[in-house]
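# Structural features, examined
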There are 2 protein chains.
Amino acid sequence: MFSLEEVSGGARAGVLRTRAGEVATPFFMPVATFGTGKGVGPQDYRAAGARAVMCNAFLLSLRPGIEVVEGLGGVGRFMGFGGAVFTDSGGFQAGSDELFVKASRRGVHLRSPFDGSVTVMTPQRLVEVQERLGSDAAMVIDDMAPADASREEYLRSLRNTHRWARECKDAHGDKKQLLFCIVQGGYDASLRRESAEYLAGLDFDGYGIGGCAIGEPKPDMYRAVRSSTPFLPDDKPRYLMGVGSPPDVVQAVSLGVDCFDSVFPTRNARHNMVFTRKGPYQLEKARFARDSGPLEEGCDCWVCRSHSRAYLRHLSSVDEAEGKRLRQAHNLRFMARLMEDMRAAIKEDSFPSFKESFLEGWFGGRIPKLYKS
Amino acid sequence: MFSLEEVSGGARAGVLRTRAGEVATPFFMPVATFGTGKGVGPQDYRAAGARAVMCNAFLLSLRPGIEVVEGLGGVGRFMGFGGAVFTDSGGFQAGSDELFVKASRRGVHLRSPFDGSVTVMTPQRLVEVQERLGSDAAMVIDDMAPADASREEYLRSLRNTHRWARECKDAHGDKKQLLFCIVQGGYDASLRRESAEYLAGLDFDGYGIGGCAIGEPKPDMYRAVRSSTPFLPDDKPRYLMGVGSPPDVVQAVSLGVDCFDSVFPTRNARHNMVFTRKGPYQLEKARFARDSGPLEEGCDCWVCRSHSRAYLRHLSSVDEAEGKRLRQAHNLRFMARLMEDMRAAIKEDSFPSFKESFLEGWFGGRIPKLYKS
């Protein structure tokens, strides 16, 4: 269900086969929490060339409810998306402070944003929810220690994470749905290695790397990634959860990561940040008021082909929802195009020079040391 | 610039030629106040099959400003729309209570929603603004007496309206931009006739019928329309401003109206009202929770082809902006399709039976008397 096709400078190109079709790797997933993004939706994902999205199983189980999604043929058909749909517990998603209550031995306690009631998401329950939601790839439930946790807390979290992963695998019956586990272990190289090796032994369809992009310093994040990927099976996809800043995506691909999800491109687009190969810029700046060029020179997205910066800056200036949509559509296409270009570079074994050239463009020539190896 | 092709039961089919291309009549214009709708935009207008939209010249002159729009090649190119763009002063648009200060002999006093400053929109100024905005059809400025005004006030308003229309015509230099006047006269048949006859004598490119859809009883509105259209030139388009409820559009077409604009289809869509040939319904109702059918059976819009009622009801239930967009896209396609079907019926001289069948469907068999003749 995963074929590794080429490796170039540590970066991998492959194909992930899901029941919703093939997804070329590396790939980036827009976050469609409730089956849509905020002011951007399935049609926009398709138009951007995104082949997979990430939904929140817990929230979908509350609204519209499992029975509704099940009755409509599963979350992919329910959304009318067409690509592959990943789901996870969603307890740790960006903005989920409202959802997460605590982790206990049994599972993760999550609060409904609708009525405040608390559900204990056990491994068995999460597997059942995701099987019935019919997502194409399900994530196990994991216990993520906070960034400032003690070593003891990390160890306890890791024990939960590993036991729950095993229990999820045991409970998982739908063999057409992929099941990904999640490596934890904080920013400690030995714990990460321990977690990766333990989970590698359980033979999952894919390997999430969790606990990153939660506010930790970047060097910590890369230590976590570098201490995980070498110990994961080569023939399974690796998914760095919650990471979506373009240079981090490129760097993580060079470390052997295949798959990402993040609200970074869309949330920033809502706040007027436009991605380009020459780095991001803020659209509200006065210098764009009369700019007849596209959001990004050379971009093939429909927004860049149809609308000028001046029009899009105007939509920001009068705070029209339509502007939020157009900016998000561009940033999502930027991400998909970046993934396509990385894949092409890997296939022709020129990834290291692609990476250098991308980072030079993004950072305006001054590549931070962090990204240099 | 307008060719009348067929008349059937009072309804007219024709072609309006603008510098942005031909627009088949009858037609309905989505309202794109600032160059976009609220959560629905130019791409959606095109996808719906709308060939013309209505923008607010006053607001566009404030933001992004005339110079910006002019520099980008005019409002149509600025928006990236592709169809024809109408503009009017916008002083009387729905929700414009904030904008309208008063009318004086000189013109209409309008307040900026951005800084509160007041502009006197004189005939000369409005013509200049619209010429520089480069819209394909400009409206004159008119003086609309409130629905409860005295006859004396109506007479004074009418004198302003007529004098301003003449002054707009005198000031108007761009012969490639169409110029429409606006018939006023409240709900008094003799004043409406007087206004229509007076303006008919000035030979405008098109004739707006103003002062309708501002909260007056429907019989008053139809008296105003019926007292106007017979006295307008046959070879010019008639535009009933602000009317967009489907049965009223059909009825007005039967009275010889060619063109409409209104926020009715989009505003109601934002509030979960979905248009169908069997009448409108509220999408939030529980009975749609598991409904796998489209918003409207038989609709050819992309929303109906891609998404179920259950998904769209879910988007309403979780209050996602994407749902607002999809509902609006459907209602706009409903309007465009209605106009296309009316045109086809006129062309084959079967408009009266189309009208009856449409109204029976919309009202569930009980057609109100108002629509029967």
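Residues numbered from 1 in each chain as written. Chains lettered and ligands numbered in written order. Predicted model: local features only at pLDDT ≥ 70, side-chain atom pairs only at ≥ 80, totals over all residues.

## Quick look at the sheet that holds strand β3 (residues 21–25) of chain B
All names here are of chain B. Test applied: Here, any two strands with at least 2 DSSP bridges between them count as paired. A run of H or I in DSSP becomes a helix once it reaches four residues, and a run of E becomes a strand once it reaches two; helices and strands are each numbered from the N terminus. Angles run from 0 to 180 degrees between N-to-C directions of axes, and those axes are lines fitted to C-alpha atoms, restricted for helices to the stretch in contact. Our contact criterion uses C-beta atoms placed from the backbone: two residues qualify when those atoms are within 7 Å.
The sheet built from three strands is open, its strands ordered β1-β2-β3 with antiparallel pairing. Where the open sheet ends on each side, the last strands, each with one partner, are β1 (2–8) and β3. Mean inter-strand twist for the sheet, computed between neighbouring axes without regard to direction, equals 10°. Relative to β3, strand β2 (residues 11–18) is paired through five bridges, and the arrangement is antiparallel. Bridge pairing in β3 links R17 to E22. In the packing of helix α12 (residues 321–347) onto the sheet, contacts are made with β1, β2 and β3, and the angle to β2 comes to roughly 115°.

## Let's talk about the interface of chain B and chain A
Applicable threshold: Throughout this entry, Asp, Glu, Lys and Arg are counted as charged residues, while Ala, Val, Leu, Ile, Met, Phe, Trp, Tyr, Cys and Pro are counted as nonpolar. The remaining residues, Gly among them, count as polar.
In this complex, chain B contributes 32 residues to the contact, which on the side of chain A involves 32 residues. For the side of chain B that touches chain A, the elements supplying multiple residues, two or more each, are α2 (57–71), α3 (75–79), α11 (309–317) and α12 of chain B. Tallying contributions element by element places α11 of chain B first for the side of chain B that touches chain A, with five residues. Partitioned by chemical class, the residues of the side of chain B that touches chain A number 13 nonpolar, 14 polar and five charged.

## Observations regarding the domain arrangement of chain A
Residue and element names in this part refer to chain A. The condition that has to hold: Bear in mind that the domain bounds are from an automatic or database domain assignment.
Domain boundaries assigned for chain A yield domain 1 (2–262) and domain 2 (270–357). Between the C-alpha centres of domain 1 and domain 2 there is a distance of 27 Å. With 26 residues of domain 1 at the interface, the matching set in domain 2 holds 25 residues. Of all the secondary-structure elements, those providing two or more residues to the side of domain 1 that touches domain 2 are β1 (2–8), β2 (11–18), β4 (27–29), α1 (42–48) and α8 (246–254). Partitioned by chemical class, the residues of the side of domain 1 that touches domain 2 number 16 nonpolar, six polar and four charged.

## As for the pairing of strand β8 (residues 108–111) of chain B
Residues and elements named next belong to chain B. Put simply, the rule reads: We call a residue exposed when 12 or fewer other C-beta atoms sit within 10 Å of its C-beta, buried when the count reaches 20 or more, and partly exposed for counts in between; the C-beta positions come from the backbone.
Of the two faces of β8, only one is covered, namely that formed by V108 and L110; the face formed by H109 and R111 stays uncovered. Sheet analysis places strand β7 (residues 100–103) next to β8, joined by three bridges and oriented antiparallel. Along β8, the bridge assignment pairs F100 with L110.

## Concerning helix α13 (residues 351–362) of chain A
Residues lying three or four places apart along an α-helix face the same way, a consequence of the helix completing one turn every 3.6 residues. Residues and elements named next belong to chain A. Put simply, the rule reads: Given a helix with a known number of residues, its expected span is that number minus one, times 1.5 Å. Think of the arc as the fan of directions from the helix axis to the C-beta atoms.
Between its terminal C-alpha atoms α13 stretches 16 Å, which fits the 16 Å expected from 12 residues at 1.5 Å a residue. For α13, every residue scored as buried is listed here: F351, F354, K355, F358, L359 and W362. Down the axis of α13, the buried set is contained in an arc of 125°. They therefore lie on one face. Tucked inside the fold, the buried residues of α13 contact β1, β2, α8 and α12 (321–347).

## Here's the deal with the relation of the copies chain B and chain A
Rule in force here: Only residues with pLDDT of at least 70 in both copies contribute their C-alpha atoms to the least-squares superposition of the copies.
The two copies are related by a screw motion: chain B maps onto chain A through a turn of 180° and a shift of 0.0 Å along the axis, at an RMSD of 0.0 Å. Such a combination of turn and shift is consistent with a two-fold rotation axis. Most of the interface of chain B is mirrored in chain A: 100% of its interface residues are interface residues there too.

## Examining unusual backbone geometry
In the segment running from T25 of chain A into P26 of chain A, the intervening peptide bond is cis, with an omega of 0°. Here P26 of chain A is to be found in the loop between β3 (21–25) and β4. In this model, D203 of chain A sits at a positive phi of 60°, which is unusual for a non-glycine residue. The exposure class assigned to D203 of chain A is exposed, which follows from the 10 C-beta atoms found within 10 Å. Even without glycine at this site, A213 of chain B takes up a positive phi of about 60°. With respect to the element layout, A213 of chain B can be found in the loop between β12 (206–209) and α7 (218–226). Judged by the 22 C-beta atoms lying within 10 Å of it, A213 of chain B falls in the buried class.

## Notes on helix α4 (residues 123–133) of chain A
Residues and elements named next belong to chain A. Along α4, eight of the 11 residues are buried, which leaves the element largely enclosed by surrounding structure. Looking at the buried side of α4, the elements it contacts are α2 (57–71), α3 (75–79), β6 (84–88), β9 (118–121), β10 (137–139) and α5 (151–171). One or two steps after α4, the chain reaches G134, where phi turns positive at roughly 70°.

## Here we look at the packing of α8 of chain A against α13 of chain A
Residues and elements named next belong to chain A. Quick reminder of the rule: Relative orientations are named as follows: roughly parallel for angles under 35 degrees, roughly antiparallel for angles over 145 degrees, roughly perpendicular for angles from 65 to 115 degrees, and oblique for any other angle. The handedness criterion is simple: a crossing whose near helix is rotated anticlockwise from the far helix by less than a right angle is left-handed, and one whose near helix is rotated clockwise is right-handed.
In the contact formed by α8 and α13, the axes pass within 10 Å of each other and the chain directions differ by 165°. Looking at the two axes, α8 sits roughly antiparallel to α13. Taken as a pair, α8 and α13 cross one another with a handedness that is left-handed. Contacts from P246, P247, V250 and S254 of α8 reach α13 at F351, K355, F358, L359 and W362. Class assignment of the residues belonging to the contact of α8 with α13 gives a composition of seven nonpolar, one polar and one charged.

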